[in-house]
Each structure stands twice: as C-alpha cells, then as structure tokens.
Amino acid sequence: MLKHIRAVLFDLDGTLIDSAPDLGAAADKMRTDRGLPSLPYELYRPLAGAGARGMLKVAFDLTPEHADFLAMREEFFVNYEASMTERTYVFDGVEDLIEHLQLRQMPWGVVTNKMARFTDPLTAAMPLFASASAIVSGDTTPHSKPHPEPLFEAARRLALPPEQCLYVGDDERDIVAGLAAGMMTVAATYGYLGEKSNVSAWGADLSVDSPNKLLQLLAQA
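Here's a quick rundown of the structure. Note that this is a predicted model, so its numbers are computed, not measured. (Residues numbered from 1 in each chain as written. Predicted model: local features only at pLDDT ≥ 70, side-chain atom pairs only at ≥ 80, totals over all residues. Heavy atoms only, no water.)

Next up on the list: the packing of helix α3 (residues 51-60) against helix α4 (residues 69-83). α4 packs onto α3 with a crossing angle of 105° between their chain directions and a minimal axis gap of 10 Å. Between α3 and α4, the crossing angle belongs to the class labelled roughly perpendicular. For the pair α3 and α4, the contacting residues are A52, R53, M55, L56 and F60 in the first and F69, M72, R73, F76 and F77 in the second. Partitioning the contact of α3 with α4 into residue classes produces eight nonpolar, no polar and two charged. (Axes fitted to C-alpha atoms, helices over the stretch in contact; angles between N-to-C directions. Helix = DSSP H or I, 4+ residues; strand = E, 2+ residues; numbered from the N terminus. Parallel < 35°, antiparallel > 145°, perpendicular 65-115°, else oblique. Contact = heavy atoms within 4.5 Å. Nonpolar A, V, L, I, M, F, W, Y, C, P; charged D, E, K, R; others polar.)

This is the structure in structure tokens:
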C-alpha cells in the first residue's frame with residue numbers, strides 16, 4: 001500500500017512534537033498575571049490542537065466572537081513566543097522514524113497551521129528538523145488546512161507529485177487536506193485527540209497509535 005510513497009509529510013503539533021505543556025503554560029500565565037488561580041494542565045491538553053483559540057477557551061471561556069479576543073490572543077502569542085521550547089518535546093519514536101526515512105534517503109517535511117512566527121524559531125531550535133526538506137506554515141500560502149494548498153506547496157518544494165507523498169496528522173483537518181491534495185493519509189491517534197473524536201469517520205487511508213507503528217509500516221513497504 002505504501003510502495004509508491006517517495007516522501008513523508010507531517011503535521012507538527014500533536015504529530016511530531018508535544019507542545020501542549022508550553023501552550024497551556026502561556027495561557028495559564030495570563031490567568032495568574034490577572035490574579036486568577038492556575039488551572040490544571042490536564043484541562044489545557046485536550047484543546048492544544050486548537051492553538052490560541054483552544055487555550056483561551058479553557059483559560060477564560062473566551063471565544064473568537066468576543067470583543068477582547070484579538071487582544072487576548074496577541075497576549076497569548078507573546079507569552080508563547082517567550083517560552084515555546086521550554087517544555088515542548090519530541091514524541092517517543094519520532095527520532096527513530098526520521099532516522100529511518102533518512103537511511104532510506106526519503107525526504108520528509110512539515111505542513112502545519114502554526115504561523116511562521118512560531119514555526120520558524122521552534123523548528124530552528126530543535127535538532128530534529130535540521131534534516132527536513134520542507135517546512136510549510138499556516139501562513140506560507142494564502143490558505144491553511146483543511147485547504148490542500150499548503151500540501152501542494154510542500155510537494156513542490158520536494159519536487160514530487162502529491163500522489164507520491166504521504167501525509168500524517170492528528171486532526172481531521174489534516175486528513176481532509178491530504179485527501180484533497182491527492183496524497184495518501186495517515187491519522188496519528190497518539191496526539192491530542194479527545195474522547196469525542198471519531199477517527200474512523202475522517203476517511204484516512206491508515207491510522208497509527210504511535211510513531212513506531214508508522215515506522216513499521218514504512219519498513220514493510
């Protein structure tokens with residue numbers, strides 16, 4: 001099933017790295033700066049995949065429709081920028097997976113909805129990404145996922161047709177974008193999926209419960 005794949009593209013947060021601790025801390029600092037009690041990390045983690053929108057919802061029950069949302073979001077961004085590599089770590093098995101791709105001389109890259117404002121310094125600070133052949137952020141193209149354009153851009157940077165690329169992500173938007181781009185898709189169920197997520201309904205070609213499982217599938221191919 002994977003024999004025609006010549007490159008692997010990944011979502012970032014919840015797929016390659018666990019950034020939930022730093023995202024949650026950035027929002028929680030906003031609470032403590034206002035004299036509000038700190039909230040347990042366990043409340044923040046399930047909504048980490050939604051970024052600022054999710055973190056502000058947990059911290060202040062704030063939605064994008066609120067008049068203060070944009071100002072609060074920028075405050076969150078500033079907090080996150082100041083500490084976005086303090087607690088963030090690579091998921092177990094990801095380094096082995098990337099090493100396997102390199103040994104096979106198979107290029108890999110990242111397609112994330114995270115803005116380049118955060119993606120660029122974050123990936124520059126983590127040794128894992130030194131071998132990435134393409135890093136496409138949420139504002140690299142005029143569209144973000146679930147639109148397929150960021151995936152088309154990554155394929156162009158790899159000089160490969162989209163149908164020869166595999167896209168791995170932990171959110172339904174990843175799978176929708178991958179399918180729309182004509183790529184084979186893999187749902188990563190080890191990320192930030194909540195109990196309400198019905199992964200089987202996303203339409204992914206495959207699903208994996210760990211990076212090691214994906215490594216096994218690629219090795220078999």
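Core analysis: the largest hydrophobic core is formed by 52 residues, its most contacted members being V8, F10, F76, W108, F129, L166 and L214. Ignoring any residue separated from it by four or fewer positions in sequence, one finds F129 in contact with L12, L16, I17, W108, V110, T123 and I135. In this structure, A134, V136, L158 and L160 belong to the second largest nonpolar core, which totals 15 residues. (Core = buried A, V, L, I, M, F, W, Y, C linked by side-chain atoms within 4.5 Å. Buried < 20%, exposed > 50% of the residue type's maximum accessible area, 1.4 Å probe, protein only.)

Aromatic ring pairs are described here by two measures, namely the spacing of the ring centres and the angle between the planes. Across all of its chains, the model carries eight aromatic pairs by this definition. Between F77 and F118 the ring centres are 5.1 Å apart and the planes differ by 55°, which places this aromatic pair in the tilted class. Pair noted here: F77 is in helix α4 and F118 is in helix α6 (residues 116-125), with a separation of 41 residues, a long-range link. Across this residue pair, the class does not change: F77 and F118 are buried. Consider the rings of F91 and Y190, whose centres lie 5.3 Å apart with planes at 75°: the pair is edge-to-face. (Phe/Tyr/Trp six-rings, centres within 6.5 Å; stacked < 30°, edge-to-face > 60°.)

Now for the side chain of K145. Within the secondary structure layout, K145 lies in the loop between β5 (134-136) and α7 (149-158). Here the side chain of K145 touches D11 through a polar contact of 3.0 Å, side chain to side chain. Not counting chain neighbours up to four residues away, the residues in contact with K145 comprise D11, V111, T112, N113, P150, Y167, R173, D174 and A177. (Polar contact = N/O pair within 3.5 Å; in protein donor to acceptor, adjacent residues only side chain to side chain.)

Summed over the entire model, instances satisfying the criterion amount to 15 salt bridges. A salt bridge links R87 to D22; the shortest N-O distance between them is 2.9 Å. Within this pair, whereas R87 is found in the loop between α4 and β3 (89-90), its partner D22 is found in helix α1 (residues 20-33), the two being separated by 65 residues in sequence. Salt-bridge contacts for E81 lead to R117; the nearest nitrogen and oxygen are separated by 3.0 Å. Note that E81 is positioned in helix α4 and R117 in helix α6, a separation of 36 residues in sequence. With relative accessibility at 31%, the residue R117 sits in the partly exposed group. If you follow the salt bridges from partner to partner, you end up with E149, E153, R156 and R157 in one network. (Salt bridge = Lys/Arg side-chain N within 4 Å of Asp/Glu carboxyl O.)

Moving on: α1. For an α-helix the count is 3.6 residues per turn, leaving residues at separations of three or four pointing the same way. For α1, with 14 residues, the first-to-last C-alpha span of 20 Å sits near the 20 Å given by 1.5 Å per residue. Here α1 lies mainly inside the structure; 10 of its 14 residues are buried. Check the buried side of α1 and you find it contacts β2 (17-18), α2 (41-44), α3 and α4. (Expected span 1.5 Å × (residues − 1).)

Below, the discussion takes up unusual backbone geometry. With an omega of 20°, the peptide bond running from K145 to P146 counts as cis. Along the polypeptide, P146 turns up in the loop between β5 and α7. In this structure, D61 is a non-glycine residue whose phi angle is positive, near 55°. Tracing the backbone shows D61 in the loop between α3 and α4.

The next point concerns the pairing of strand β4 (residues 108-111). Going residue by residue along β4, you find W108 and V110 tucked away on one face and G109 and V111 tucked away on the opposite face as well. In terms of strand pairing, strand β1 (residues 7-10) meets β4 through three bridges, oriented parallel. Residue F10 lies in a different strand from β4, and its bridge partner there is V110. Bridge count between β4 and β5: three bridges; the pairing is parallel. (Pairing = 2+ DSSP bridges.)

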